[in-house]
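Residue-level structural notes
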Amino acid sequence: MEPPENDAVGFDSAEKIILRWDSTVSEEAREKIFNGDRHEIDRYLQAVDEIQRSMESTTLSDDQDKANSVIQIAMARLEDEFRNILIAHTSAIEAESLTDPSPSSVNSGEFNLPEEDYHDTPTSTDDDSLTKELDHQESSTSSYRSTNSIREVDLMPSEAIYNLRCIAERMISAGYLRECIQVYGSVRKSVVDSSFRKLGIEKLSIGDIQRLDWETLETKIRRWIRAAKVCVRILFASEKKLCEQIFDGLGTATDDACFMETIKGPAIQLFNFAEAISISRRSPEKLFKILDLHDALSDLLPDIEIVFESKSSESIRVQAVEILSRLGEAARGILSEFENAVLREPSKVPVPGGTIHPLTRYVMNYISLISDYKQTMGELIVSQPSTGSRYSSDPNTPDMDFGDLEGQTPLALHLIWIIFILQFNLEGKAKHYRDNSLAYLFMMNNVHYIVQKIKGSPELGEMIADNYVRKLTGKFRIAATSYQRATWVRVLHCLRDEGLHVSGSFSSGVSKSALRERFKSFNALFEEVHRTQSTWLIPDTQLREELRISISEKLIPAYRSFLGRFRSHIESGRHPENYIKYTVEDLENAVLDFFEGYAVSQHLRRRSQ
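Presented here is an overview of the structure given in this document. (Residues numbered from 1 in each chain as written. Predicted model: local features only at pLDDT ≥ 70, side-chain atom pairs only at ≥ 80, totals over all residues. Heavy atoms only, no water.)

When helices and strands are tallied, the chain shows 21 helices and zero strands. Counting over 609 residues, the chain shows a buried share of 50%. Taking the intrachain contacts of the chain between residues at least 6 apart in sequence as the baseline, contacts between residues at least 24 apart amount to 81%. As presented, the chain carries roughly 29200 Å² of accessible surface, and 49% of it is formed by carbon and sulfur atoms. (Helix = DSSP H or I, 4+ residues; strand = E, 2+ residues; numbered from the N terminus. Buried < 20%, exposed > 50% of the residue type's maximum accessible area, 1.4 Å probe, protein only. Contact = heavy atoms within 4.5 Å. Areas by Shrake-Rupley, 256 points an atom, 1.4 Å probe, with all protein chains shown as cover.)

Right, here's the structure in full:
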């Protein structure tokens, strides 16, 4: 121990100095020593050093008792001074210390922050300093999985640190290590607790967290991710630096003991939130926030390893690693449960008009979001779906051969399997339509939506093999062809020549009665198709137009030709308007009513009245 550079004092003089500052016997002595001038501070410290040296050299019990009594008074005083200096510097981290002037500090909106959580107005108030750092930490992506993201700040001025170190050195030397650690930890922990409150980190047990509704938890997860970055990279790192500045070299791992005394409770409180989420009940809507948590904790893990590198803080490192593992397991479990939910989704009521089923939209939007997390999910999903084996023992589970999908990642196989079982489920739902044409239209709509969703997502399109997309496209075209056959074969059959011609010398060669029946049948069938299928819906504008064109290309030429060949036979008879009700233009316009999703029959009603 090196005494302050002042003139040495003897035991008697040292005793007088210490007793003069004994606050239990003098009102004047209650003033703080370390608020005075440097000379007075150094005289007191030198007096303590002299008493300690005397204790080491004293052999007579009376002198030893006297020295012990004086040193106890001195230690009580130093402990009080130690506490006072700490309390005097418990203000929040200065806002300017957390402000990053670099362009990367502009908020990117990566986490889709609610308006009340985002502050873009510069402020220097203590209350907003940590909130500003939240936005900086969230927007900064350059330090992903990099220890360069640790940003220590000075929590105290150098003079205060020097005084604290001088006191700690003497307290530890005199055997007051435990008292020193306790005082330091209690004061600094209150500072950390205050920072936690500003960061929105609540004191909730794991049970409390698991009882919250998911909507509330989503908001808390978003805030936790932002706050955890500040806690690990700034608050905890800066507290560690302060401990090292004050205690490094003063005893075996004393700095680490003070650090753990300060932040062990807050660190456990911080990570308990993520732990509660990792072991909570699984459901599909939780997947993406769990992945956000996983990414954030994975991002922080190198920094956690550095900030909590000591043996005594091993439990915190282990907890973080275990939480990360459980979050990964939760994500895998949710994906598996989602697959089963898609397969077993029980709704049997047909959607009106054969439009896109809500399940299709939900599933495709869900796997599109999964593809946005393909790096994380790709690391977590390492095996193909077990339920997708070619020969399933469950009759309610479809068989899928993955042999044609060699080279696909396990995650891609899972997504393909989900699409496959979605189709299987949709095929079951299609059977609930009484009209086969509508069942085919339903499948056409839904498979087309699946294909467009894959093609419209660069990430999803990259993951799912082209040959599988071609298979899906083939299924959609088969459904479209089946629809046309189921609907229009009967209609077009009325426009055939067979059965209209008769033989005989007095005959014109055409049976007018048969021709009248043929026109009546065509009119009735077309009107029925028009009446029903104008209420059917094809949401995709391009698909709707393509199918109308395909219908027109078959219907209009056939009707024009039939009308051209046989019109004169009807018009030469009585009431031709009862049989030839529509012009070619009427049919062309009527086709435009198809698949709009509501009853629209103006084009035919006008002619039939």
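Here we come to unusual backbone geometry. In this structure, H575 is a non-glycine residue whose phi angle is positive, near 45°. One non-glycine residue, F595, lies in positive phi territory at about 65°.

Turning our eyes to something else, we now look at the pattern of salt bridges. Working definition: two side chains of opposite charge can pair if their charged atoms are close together. According to the stated counting rule, one finds 33 salt bridges in the structure shown. As a salt-bridge pair, R20 and E40 come within 2.7 Å of each other at their nearest N and O atoms. Placement of the pair is R20 in helix α1 (residues 11-20) and E40 in helix α2 (residues 38-57), with a sequence separation of 20 residues. Taking the relative accessible area as the measure of exposure, E40 reaches 18% and is therefore buried. The closest approach of N and O atoms between E50 and R53, which form a salt bridge, is 2.9 Å. Pair noted here: E50 and R53 are both in helix α2, with a separation of three residues, about one helical turn. One connected set of salt bridges, linked through shared partners, spans R544, E545, R548 and E596. (Salt bridge = Lys/Arg side-chain N within 4 Å of Asp/Glu carboxyl O.)

What the rule picks out here adds up to 22 aromatic pairs. Consider the rings of Y184 and F247, whose centres lie 5.2 Å apart with planes at 90°: the pair is edge-to-face. One end of the pair, Y184, is in helix α6 (residues 177-199); the other, F247, is in helix α8 (residues 214-247), and 63 residues separate them in sequence. Note on accessibility: Y184 and F247 belong to one class, buried. The interplanar angle of 75° and the centroid separation of 5.8 Å between the aromatic rings of F236 and F308 together place this pair among those described as edge-to-face. (Phe/Tyr/Trp six-rings, centres within 6.5 Å; stacked < 30°, edge-to-face > 60°.)

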